[in-house]
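Listed below are the residues making up each chain.
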Amino acid sequence: MQNTAESGPDSPGRTGRVNGLPSDAALLADTHDVRLARIVGPETQNGARLPRLWQKEQQLAADRAAVNRHVSDQLVMVSHELRNCLGAVRIAARLIKLKRRQPAAAENARLVIEHQAAQMAALVNDLLELALPEASDGAGGWPLLRRERVDLRVVARHALETVAGEIGRRNQRLAVTLPEEPVWLQADAGRLEQVLVNLLVNASKFTEDAGELRLSVQHTTGEATVRVWDSGTGIAPDVLPHVFDPFVQAHSSLPRAEPGIGIGLTVVRDLTEMHGGRVTAASAGLGHGSEFTVHLPFAPD
């Protein structure tokens, strides 16, 4: 049986607890309850308001402390990821200095610097993408989308070009299904390409060498869908409802060759919803692969 999770304002990850921690919405609700109880006063018919208020305050303080510890842990993880990249860059720079008269060694060191710089740039970009909505005043959020009439098939082809090198390097088999007719959307082509690239990179990262990947674009009544499927590690049922939340590592128990901090799928969710769409995740569990489906509205005539 395949389990599913869906993004949206009322999805499990937006309220309640995530990875044992309270969500922003839950913290706000608890704070509101405590403030309201103080305004209304201590008296109730059964005289139980004060104990309940005290318990609520204690739980709120504990939740905030847990969230702060979680944020600190994530900052430590990001720092380690960046420090590892910088360490490799420093070593490569020294090799270039020592091996100036050995072109092959110097070229290999240059490639290391180029690769690690790209990894650092990806980490920083992910952090900026996540921070943009939080840093806004509520009026703008993400930078405005540059909407235009775009063919989803063209966006998909550009995304495939971006990830083709890594998929080929790992000898993974990729099946692509695109409709013959254009799939017109009113969208920001660059941001939409970012959604598909993130999904494809995620699928490739957690699929074994020589594994299988699939990308399909379909159009039904009123919407277009993009499906990215992989034969990889799958997602545990307890993690699946929170897979779009920031810093959630669905595969944290697995060794990873590339750095990552659990932001890519959050970016996918936010950008998809900005386009008026939604994204769902499905997996039959660990070892059974996963599938992500992006639903997008058609462009108005």
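Described below are features of the structure shown in this document. If you're wondering where the values come from, they're calculated on a predicted model, not measured in any experiment. (Residues numbered from 1 in each chain as written. Predicted model: local features only at pLDDT ≥ 70, side-chain atom pairs only at ≥ 80, totals over all residues. Heavy atoms only, no water.)

As for the pairing of strand β6 (residues 184-187)
Part 1: In β6, alternate side chains face the same way, and those of Leu-185 and Ala-187 are buried while those of Trp-184 and Gln-186 on the opposite face are not.
Part 2: With four bridges connecting them, strand β4 (residues 148-151) and β6 associate as antiparallel partners. Across the sheet, the residue bridging to Asp-151 is Trp-184, located in β6. (Buried < 20%, exposed > 50% of the residue type's maximum accessible area, 1.4 Å probe, protein only. Helix = DSSP H or I, 4+ residues; strand = E, 2+ residues; numbered from the N terminus. Pairing = 2+ DSSP bridges.)

Focus on the side chain of Arg-170
Part 1: With respect to the secondary-structure elements, Arg-170 resides in the loop between α4 (152-169) and β5 (173-177).
Part 2: If we ignore the near neighbours within four places in the chain, the residues touching Arg-170 are Ser-204, Lys-205, Thr-207, Glu-208, Asp-209 and Ala-210. (Contact = heavy atoms within 4.5 Å.)

Some points on the sheet that holds strand β10 (residues 290-297)
Part 1: Ordered by their spatial adjacency, six strands build an open sheet running β1-β9-β10-β8-β7-β5, and the pairing between neighbours is mixed. Of all the strands in the sheet, the pair left with one neighbour each is β1 (3-6) and β5. Ignoring strand direction, the axes of neighbouring strands in this sheet form an average angle of 15°.
Part 2: Relative to strand β9 (residues 278-283), β1 runs antiparallel, the two sharing four bridges. Bridging across to β9, Asn-3 finds its partner in Ser-283. (Axes fitted to C-alpha atoms, helices over the stretch in contact; angles between N-to-C directions.)

Considering helix α5 (residues 189-205)
One full turn of an α-helix is made of 3.6 residues, so residues set three or four places apart face in the same direction.
Part 1: The terminal C-alpha atoms of α5, which comprises 17 residues, lie 24 Å apart, in line with the 24 Å expected from a rise of 1.5 Å per residue.
Part 2: The buried fraction of α5 amounts to twelve of the 17 residues, a majority that puts the element mostly inside the structure.
Part 3: Listed in full, the buried residues belonging to α5 are Arg-191, Leu-192, Gln-194, Val-195, Leu-196, Val-197, Asn-198, Leu-199, Leu-200, Asn-202, Ala-203 and Ser-204.
Part 4: Two to three positions downstream of the cap, the backbone nitrogen of Gly-190 sits 3.1 Å from a side-chain oxygen, assigning the N-cap of α5 to Asp-188. (Expected span 1.5 Å × (residues − 1). Polar contact = N/O pair within 3.5 Å; in protein donor to acceptor, adjacent residues only side chain to side chain.)

It is worth stressing that arrangement in space is one thing and function is another; only the former is reported here.
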